[in-house]
Amino acid sequence: MTALFGLALSGRQVLVVGAGKVASRRVRRFLAEGALVRVVAPEASDDVLRHAQHGDLEYVAREVVAGDLDDAWFVLAATDEPAVNSTVVGWADERRIFSTDASDGSRGSARQAASSQHGDLAIGVVSTETPDPARIRAVRDSIAAHIDAGGVDLRRQRPQQGRVILVGSGPGDPSLITVRGRQALSEADVVVTDRLGATELLVTVPYDVEVINVGKSPDNHPVPQHEINDLLVDRAKQGKVVVRLKGGDPFVFGRGGEEVHACLAAEIPVEVVPGVTSALSVPALAGIPVTQRQVAGTVVVTSGHAGADETAVAAMVAGATLVVLMGVSALPDIVEAGIEAGADPQTPVAIIERGSTPHERITRSVLVDAVRSAGETGVKPPAIIVIGQVANPGLLASEVAATPRS
Ligand code: SAH
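Rules used throughout
Residues numbered from 1 in each chain as written. Predicted model: local features only at pLDDT ≥ 70, side-chain atom pairs only at ≥ 80, totals over all residues. Heavy atoms only, no water. Helix = DSSP H or I, 4+ residues; strand = E, 2+ residues; numbered from the N terminus. Rg over C-alpha atoms; globule rule 2.2 N^0.38 Å. Contact = heavy atoms within 4.5 Å. Areas by Shrake-Rupley, 256 points an atom, 1.4 Å probe, with all protein chains shown as cover. Lys, Arg positive; Asp, Glu negative; His and termini not counted. Charge placed at Lys NZ, Arg CZ, Asp CG, Glu CD. Phe/Tyr/Trp six-rings, centres within 6.5 Å; stacked < 30°, edge-to-face > 60°. Lys NZ or Arg CZ within 6 Å of the ring centre and 35° of its normal. Near = heavy atom within 4 Å. Nonpolar A, V, L, I, M, F, W, Y, C, P; charged D, E, K, R; others polar. Domains from an automatic or database assignment. Buried < 20%, exposed > 50% of the residue type's maximum accessible area, 1.4 Å probe, protein only. Arc of directions from axis to C-beta. Pairing = 2+ DSSP bridges. Right-handed = clockwise from strand over helix to strand, strands pointing away. Salt bridge = Lys/Arg side-chain N within 4 Å of Asp/Glu carboxyl O. Axes fitted to C-alpha atoms, helices over the stretch in contact; angles between N-to-C directions. Patch = residues over 30% accessible without salt bridge, like charges linked within 9 Å, V, L, I, M, F, W, Y side chains within 5 Å.

Across its full length, the protein holds eleven helices and 17 strands. On C-alpha atoms alone, the protein measures out to a radius of gyration of 28 Å, which is more than a quarter above the 22 Å that the 2.2 N^0.38 rule sets for 406 residues. Nonlocal contacts in the protein, meaning residues at least 24 apart in sequence, comprise 60% of its contacts between residues at least 6 apart. Taken as a whole, the protein presents about 20900 Å² of accessible surface, with 53% of it coming from carbon and sulfur. Put simply, the protein has 37 plus and 49 minus side-chain charges, and the middle of one group is 5 Å from the middle of the other.

Another point: the side chain of His51. Checked against the element boundaries, His51 lands in helix α2 (residues 46-53). Not counting chain neighbours up to four residues away, the residues in contact with His51 comprise Arg28, Leu31, Asp56 and Leu57.

For the coordinates displayed, the defined rule picks out one aromatic pair. Positioned above the aromatic ring of Trp73, the side-chain terminus of Arg12 is 4.3 Å from the ring centre.

Lining the immediate surroundings of the ligand are 18 residues, of which Val252, Thr277, Ser278, Gly355 and Ala383 lie closest. When the ligand is considered free in solution it has 540 Å² of accessible area, and contact with the protein chains removes 93% of it. Elements represented by at least two residues in the shell around the ligand include exactly α8 (278-285) and β17 (383-387). When its residues are assigned to classes, the shell around the ligand shows eleven nonpolar, five polar and two charged. Both of domain 3 (163-276) and domain 4 (282-396) provide at least three residues apiece to the shell around the ligand.

The domain boundaries assigned to the protein delineate domain 1 (1-112), domain 2 (115-146), domain 3 (163-276) and domain 4 (282-396). Centre-to-centre separation of domain 2 and domain 3, based on C-alpha positions: 31 Å.

Those residues of α2 not exposed but buried are Asp47, Val48 and His51. Each buried residue of α2 lies within a common arc of 95 degrees when the element is viewed along its axis, so the set occupies one face. Structural note: α2 exposes Asp46 and Gln53 on the side pointing more than 90 degrees away from its buried face. Contacts from the buried residues of α2 go to α1 (21-33), β2 (36-40) and β3 (58-60). Gly55 sits one or two positions beyond α2 and adopts a positive phi of about 80 degrees.

For strand β1 (residues 13-17), a buried count of five out of five residues is recorded, marking the element as mostly surrounded by other parts of the structure. Going residue by residue along β1, you find Gln13, Leu15 and Val17 tucked away on one face and Val14 and Val16 tucked away on the opposite face as well. Bridge analysis of β1 against β2 gives five bridges, and the strand direction is parallel. Following the sheet pairing, Val14 is matched in β2 by Val37. This β-α-β element, β1 to α1 to β2, shows right-handed connectivity.

For the structure on display, the rule yields 27 salt bridges. Across the pair Glu187 and Arg156 runs a salt bridge whose closest N-O atoms are separated by 2.8 Å. Of this pair, Glu187 sits in helix α5 (residues 179-187) while Arg156 sits in the loop between α4 (133-148) and β8 (163-168); the two residues are 31 residues apart in sequence, bridging distant segments of the chain. A relative accessible area of 3% places Glu187 in the buried class.

Here the focus is the environment of Val179. Looking at the secondary structure, you find Val179 in helix α5. Placed 23 residues apart in sequence, Val179 and Leu202 show a C-alpha to C-alpha distance of 15 Å.

For the rest of this paragraph, the subject is the environment of Glu258. Looking at the element boundaries, Glu258 is found in helix α7 (residues 256-265). Other than its neighbours up to four places away in sequence, Glu258 contacts Gln225 and Asn229.

So, on to unusual backbone geometry. Residues other than glycine predominantly adopt negative phi, and peptide bonds predominantly adopt the trans conformation. Between Pro381 and the following residue, Pro382, the backbone shows a cis peptide bond with an omega angle of -5 degrees. Backbone geometry places Arg255, a non-glycine residue, at a positive phi of 60 degrees. With respect to the element layout, Arg255 can be found in the loop between β11 (241-246) and α7. With phi around 50 degrees, Met326 is a residue other than glycine that occupies positive phi space.

In this section: the sheet that holds strand β4 (residues 74-77). Where strands meet in a sheet, backbone hydrogen bonds hold them as pairs that are either parallel or antiparallel. Ordered by their spatial adjacency, five strands build an open sheet running β3-β2-β1-β4-β5, and the pairing between neighbours is parallel. Looking at strand neighbours, the two that pair on one side only are β3 and β5 (98-101), the edges of this open sheet. When strand polarity is set aside, the average angle formed by the axes of neighbouring strands in this sheet is 15 degrees. Relative to β4, β1 runs parallel, the two sharing four bridges. Within β4, the residue paired with Val16 across the bridge is Leu76.

Below, the discussion takes up the sheet that holds β17. Strand order in the open sheet formed by five strands is β13-β14-β17-β15-β16, with mixed pairing between adjacent strands. Each edge of the open sheet is held by one strand with a lone partner, namely β13 (299-303) and β16 (361-366). Pairwise comparison of adjacent strand axes, ignoring direction, gives a mean angle of 20 degrees for this sheet. In the packing of helix α9 (residues 310-317) onto the sheet, contacts are made with β13, β14 (321-325) and β17, and the angle to β13 comes to roughly 145 degrees.

With that out of the way, let us pick up a nonpolar patch on the surface. Nonpolar side chains collect at one region of the surface, where Phe253, Leu280, Val301 and Met326 lie side by side and expose about 340 Å² of accessible area between them. Mapped onto the elements, Val301 comes out in strand β13. Classification of Val301 as partly exposed rests on a relative accessible area of 34%.

This is the structure we're talking about:
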C-alpha cells in the first residue's frame, strides 16, 4: 500500500453494515463528514435508532444483501460476525467499491485512519501492514498535540482570499487561549496585537510574520480604532490571513464588533474566536466565584471608563456581584455612588491586577475603605474590581486551588 487519498464523502452514499457499538461510532464520523449514511442490520443500537428518528440517516432493519451496495461509494462492514463482514467486503471488491472490515483491518480495500481535524486541515494516520489501531492513534495524538500547541507553521503557501480572524487570547496566561485561537495564530501572515492578553504567544510566531502592535503608538497613545480597522482591511485585501489578537474575549469591551463591521463593510471574510474574558476568569483565578448559590445569583459586568454607571450601581445596591473593567480611576466615583444609593459600606471588594500573570496581585478591602486601600497598595491598570459578597475572603475554604501557575 502506498499512495493515500483523503476521501470526500460529503453528499455521497455510504453503506454501514451492522449497527452495534463499533458501527455506531463510525456512523457518527460519517455523519460529521456530511455523508449520506444507510445502515443495514437486523437490530440497531439506541444511537443509530435515534439518528434514524431524527432523519440523519436511513436505517434498514434486516440482514444485508448484495444489492444494498449498489449505490454506495464506500462500504463499512462492522457486524459482530467476521464471516458476514468478509462476505460484504467481497461484494464490495466485486463492485470496485472501497471498503473496510471492522473486524479485520487487513481485509477490505481501504484502511481505517486515525484522524483529527485542525481548522481546514485534516490529519490521517494509517498503518500499511498489520493494522494496529492503538499505534496509529498514538501517532495521530502526538501530531495533533504538536499542531494544537502551535508547533506547526499553518500559513497558506498558495495565493488565496485574504481574511480576518478576531482571536480572544484570554487574560494573559498563554495556556488560557482556546485551541482554535492557537490554530488561528499558526495560520497568520499578519498579527495585529495590543498590550493585553496572551502577548507572550507572539514569541512563537515565525520571524517573517508581520506583527503590528497597535497598543501603543510612538507618542504613547493607542492607535485610533478607525486606523486599526483600516489596517485589518488593507492587509486582508492583500490576500493575507490577518489575526487580530485581543485580550480576553473580543466582544467584551474589546471593540471587536467595530472590527467585524469594518471587515463586512469591505466584504472581507471575518471569523470570531471567543476568548476567556478577564471579567470572569480573573476573579475565578483569584478564588472568587462571580456567582455562588445563596450568595449572588446575578453578575453585572461594567466598564469604569465613563465613571459610575447607573445600572451597575443599582445592581450593586441590590446585592448582585459587580465586576468593573477599566475601573481604577473611576473607583472613587463608583464607591461614592454606591454608598449614596444605599449599598452596604461593608460590602467586600477585591481588586485583582494583571490576573493570570506572574505579576498578579490582589488587594482586598470593603466598599467604604476601597479607595484608601487601593491608594495604599498603588493599584494600577489593568485590574478587575469585584464588588459583592462573593469577594468575601472567607467564602471559599481554600484559594490555593485557584492560584495561577507561574
Ligand atoms: N476584552 C477584554 C477586556 C478589554 S478592556 C476581556 O474580555 O477581558 C481592558 C480591561 O480589561 C482592563 O482595563 C482590565 O480592567 C481588564 N483586564 C484585562 N486583562 C486583565 C488581567 N489580566 N488582569 C486584570 N484585568 C484585566
